[in-house]
Structures are given as C-alpha cells and as structure tokens.
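Coordinate inspection notes
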Amino acid sequence: ARKAQQQGQQATQQMQQLAAPYQQAGQAAQAAAQRGELMPVGQQSLQAAQAQIAQGIERRGGVGAQQAATQIEALRQQLLQQQYDYGLKLSGIGDNIALGAIKTGMQADQYVNQLTNQFYTNMAYVASGMSPGVRIGG
C-alpha cells in the first residue's frame, strides 16, 4: 500500500511538473498582452507590416499617413488579442494536465485506501478464525 501510495504521489508530481511550464508560459503571454507588449513573433509581424506600409506612404508621397497609423494600431491590437488568446490556450493545456495530476493522485489514494481496507478486513477475519468468504446470518 505504501509503495502504491508513493508511486501515485510520484505520478502526480511528474504530471504537475509537466503542467508548470505550460501554465507559466501562458500566464506570461497573457500578462505581456495586457501590458501591451508583443512577444517576439508578434513584434516581427508588426515591424514587417510597418515597413510595408511605410513603403506605400513613400510611393504616394505621404498621403494617407493617418490611415497607415490606424492600420498599424489595428494590427497591433489584433496581435495582442491573438497573443492573449494563445496564452489562455497554453494555460488551459497546463491546467488540464494539472487537473489530470489531481485526478491521478485521488485515484491512487482511493486505490491505496481500498488495499488498506481489504488488508484489515482480511486480518479481522483471520483473527476471528473465520474465512473471508464465510457470511454469518446471511
């Protein structure tokens, strides 16, 4: 029973360790998005769009600069929302793994309790001189 309990605890800990990086990365992405900070991939996308829009302004002689700024900000907001959503999904993966760890731990505890109860029940039968399969007054 002790060995089963230890194995259950080890499995739970391993799953929680597996969940932690997902949860941390997801929380970091969400927090950065809330602060208005893009992750490197989002920042690169924004810079590429800015360069492309800047070339368009040069060709048109500066016409539409305000429109270009609006487009860039809209893209930035979209990238921040995508980053936040990604963070939520990543955190969700970690949360599901952690939930699985909790369930595994609970199942292991239930199994250990069953083993322990069976052991003591059988010991009680042995101590009373009866066989575990014999029922009295049934």
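Because the structure is predicted, anything quoted here is derived from the model rather than measured.

Following the sequence through the fold, Tyr84 ends up in helix H3 (residues 65-128). C-alpha of Tyr84 to C-alpha of Ala65: the two residues are 19 residues apart in sequence and 29 Å apart in space.

The biggest cluster of nonpolar side chains holds nine residues, and these are Ala33, Leu38, Leu46, Ile53, Ile57, Ala68, Ile72, Leu79 and Leu80. Contributions of two or more residues to this core are made by helix H2 (40-60) and H3. Those residues in contact with Leu79 that sit more than four places away from it in its chain are Leu38, Gly42, Ser45 and Leu46.

We now examine H3. Taking 1.5 Å of rise per residue, 64 residues should cover 94 Å, and H3 covers 94 Å from first to last C-alpha, within 8% of that figure. Downstream of H3 by one or two residues, Gly129 has phi in the positive range, about 85°.

If you trace the backbone, Gln83 turns up in helix H3. You can call Gln83 buried: its relative accessible area is 5%. Polar contacts involving the side chain of Gln83 include one to the main-chain carbonyl oxygen of Ala29, which spans 3.2 Å. Those residues in contact with Gln83, other than ones at most four positions away along the chain, are Ala29, Ala32, Ala33, Glu37, Leu38 and Met39.

The next subject is the packing of helix H1 (residues 2-35) against H3. The description of two helices packed together rests on the angle between their axes and the distance between the axes. Packing of H1 against H3 leaves a shortest axis separation of 7 Å and a crossing angle of 165°. The pairing of H1 with H3 is recorded here as roughly antiparallel in orientation. Crossing hand, H1 versus H3: left-handed. A class-by-class count of the residues in the contact of H1 with H3 yields 21 nonpolar, 16 polar and one charged.

Close inspection of predicted coordinates is inappropriate for parts of the model with low pLDDT. Here the protein chain shows a mean pLDDT of 83. Residues at 70 or above account for 91%. For the protein chain, per-element mean pLDDT is lowest for H3, which scores 84, and highest for H1, which scores 88.

Right, let's get into the packing of H2 against H3. The N-to-C vectors of H2 and H3 enclose an angle of 165°; their axes lie 10 Å apart at closest approach. The angle between H2 and H3 places the two elements in the roughly antiparallel class. The way H2 lies across H3 gives a crossing that is right-handed. Together, Gly42, Ser45, Leu46, Ala49, Gln50, Ile53 and Ile57 of H2 and Ala65, Ala68, Gln71, Ile72, Leu75, Arg76 and Leu79 of H3 make up the contact between the two elements.

This part takes up the pattern of salt bridges. This structure, assessed with the given rule, holds two salt bridges. Residues Arg35 and Glu37 are paired through a salt bridge, measuring 2.9 Å at the closest nitrogen-oxygen approach. With a relative accessible area of 53%, Arg35 lands in the exposed category. Its relative accessible area of 39% is what places Glu37 among the partly exposed residues. Note that Arg76 and Glu73 form a salt bridge whose closest N and O atoms lie 3.3 Å from each other. Of this pair, Arg76 and Glu73 both sit in helix H3, three residues apart, which is roughly one turn of the helix.

What counts and how
- Residues numbered from 1 in each chain as written.
- Predicted model: local features only at pLDDT ≥ 70, side-chain atom pairs only at ≥ 80, totals over all residues.
- Heavy atoms only, no water.
- Helix = DSSP H or I, 4+ residues; strand = E, 2+ residues; numbered from the N terminus.
- Core = buried A, V, L, I, M, F, W, Y, C linked by side-chain atoms within 4.5 Å.
- Buried < 20%, exposed > 50% of the residue type's maximum accessible area, 1.4 Å probe, protein only.
- Contact = heavy atoms within 4.5 Å.
- Expected span 1.5 Å × (residues − 1).
- Polar contact = N/O pair within 3.5 Å; in protein donor to acceptor, adjacent residues only side chain to side chain.
- Axes fitted to C-alpha atoms, helices over the stretch in contact; angles between N-to-C directions.
- Parallel < 35°, antiparallel > 145°, perpendicular 65-115°, else oblique.
- Left-handed = near helix turned anticlockwise from the far one by under 90°.
- Nonpolar A, V, L, I, M, F, W, Y, C, P; charged D, E, K, R; others polar.
- pLDDT = per-residue confidence, 0-100.
- Salt bridge = Lys/Arg side-chain N within 4 Å of Asp/Glu carboxyl O.

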